[in-house]
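The residues making up each chain are set out below.
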Amino acid sequence: MANYSVFDCTIVELDKHHSDRKGNLTVVENGATLPFDVKRVYYLYDVPGGESRGAHAHRELEQLIIAASGSFTVTLDDGHNKRTFFLNRPYQGLFVKPGLWRDLGDFSSGAVCMVLASEVYDAADYIRDYEEFICFKSSEK
């Protein structure tokens, strides 16, 4: 597995189709929009003000994190560097590589965080303890 850093993650512009009379439409398609096929979609909503989500890393999973409504921040950590992204546009997503710790916070009222994932849920892929994450990153070298 590659040893990714926070600088390998980027904001992806998704196709935005606009109609003056009918609003906007954004499309995500396997094999065209993302560098992975989507095997799982989930979303977070009704996150109370001041609360955070995430606080874990994935060994293999890739994700595209989208603010479908409202706004929130995503802070990525590779064990050496941290980088925070502010998401607030439904036609942009944060492409997160595997092996990075993530924290989501600063949710606006009514925010909806949609996540497109490269794999189905697998508890063994999660690293939920930060010290274990640091050991995992050390073993990648």
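Here, the structure is the one placed above.
What you are looking at is a predicted structure, and each value in this text was computed from that prediction instead of being measured.

(A) Looking closely at unusual backbone geometry. Its identity as a non-glycine residue notwithstanding, aspartate 46 has a phi of 55°, on the positive side. The residue aspartate 46 is located in the loop between strand 4 (40-45) and strand 5 (53-58) in this model.

(B) Here's a closer look at the pattern of salt bridges. Within this structure, the stated rule accounts for 2 salt bridges. The salt bridge partner of lysine 39 is glutamate 119, with a shortest N-O separation of 3.6 Å. You can see lysine 39 sitting in the loop between strand 3 (23-27) and strand 4 and its partner glutamate 119 sitting in the loop between strand 11 (112-117) and strand 12 (126-127), a full 80 residues away along the chain.

(C) Highlighting the packing of aromatic side chains. Within the structure shown, the criterion is met by 7 aromatic pairs. With a centroid separation of 6.0 Å and an interplanar angle of 25°, the aromatic rings of phenylalanine 36 and phenylalanine 95 are classed as stacked. Here phenylalanine 95 lies in strand 9 (residues 92-96) and phenylalanine 36 lies in the loop between strand 3 and strand 4, a separation of 59 residues in the sequence. Residue classification places phenylalanine 36 among the buried residues on the basis of a relative accessible area of 7%. Between tyrosine 43 and tyrosine 45 the ring centres are 5.6 Å apart and the planes differ by 35°, which places this aromatic pair in the tilted class. Since its relative accessible area comes to 48%, tyrosine 45 is described here as partly exposed.

(D) Just the nonpolar core, in detail. Within the largest apolar cluster, 19 residues are counted, with the highest numbers of intra-cluster contacts made by Ile65, Phe72, Val74, Leu76, Leu94 and Cys113. Put simply, the parts of the chain that give this core at least two residues each are strand 6 (63-69), strand 7 (72-77), strand 8 (82-87), strand 9 and strand 11. It is strand 7 that provides the largest number of residues to this core, a total of 3 residues. Excluding anything up to four places from it in sequence, phenylalanine 72 contacts Ile65, Ile66, Ala67, Phe85, Phe86, Leu87, Leu104, Gly105, Asp106, Phe107, Val112 and Cys113. Membership of the second largest hydrophobic core comes to 8 residues, among which are Leu34, Phe36, Leu64 and Phe95.

Here is what the cut-offs are and how they apply
- Residues numbered from 1 in each chain as written.
- Predicted model: local features only at pLDDT ≥ 70, side-chain atom pairs only at ≥ 80, totals over all residues.
- Heavy atoms only, no water.
- Helix = DSSP H or I, 4+ residues; strand = E, 2+ residues; numbered from the N terminus.
- Salt bridge = Lys/Arg side-chain N within 4 Å of Asp/Glu carboxyl O.
- Phe/Tyr/Trp six-rings, centres within 6.5 Å; stacked < 30°, edge-to-face > 60°.
- Buried < 20%, exposed > 50% of the residue type's maximum accessible area, 1.4 Å probe, protein only.
- Core = buried A, V, L, I, M, F, W, Y, C linked by side-chain atoms within 4.5 Å.
- Contact = heavy atoms within 4.5 Å.

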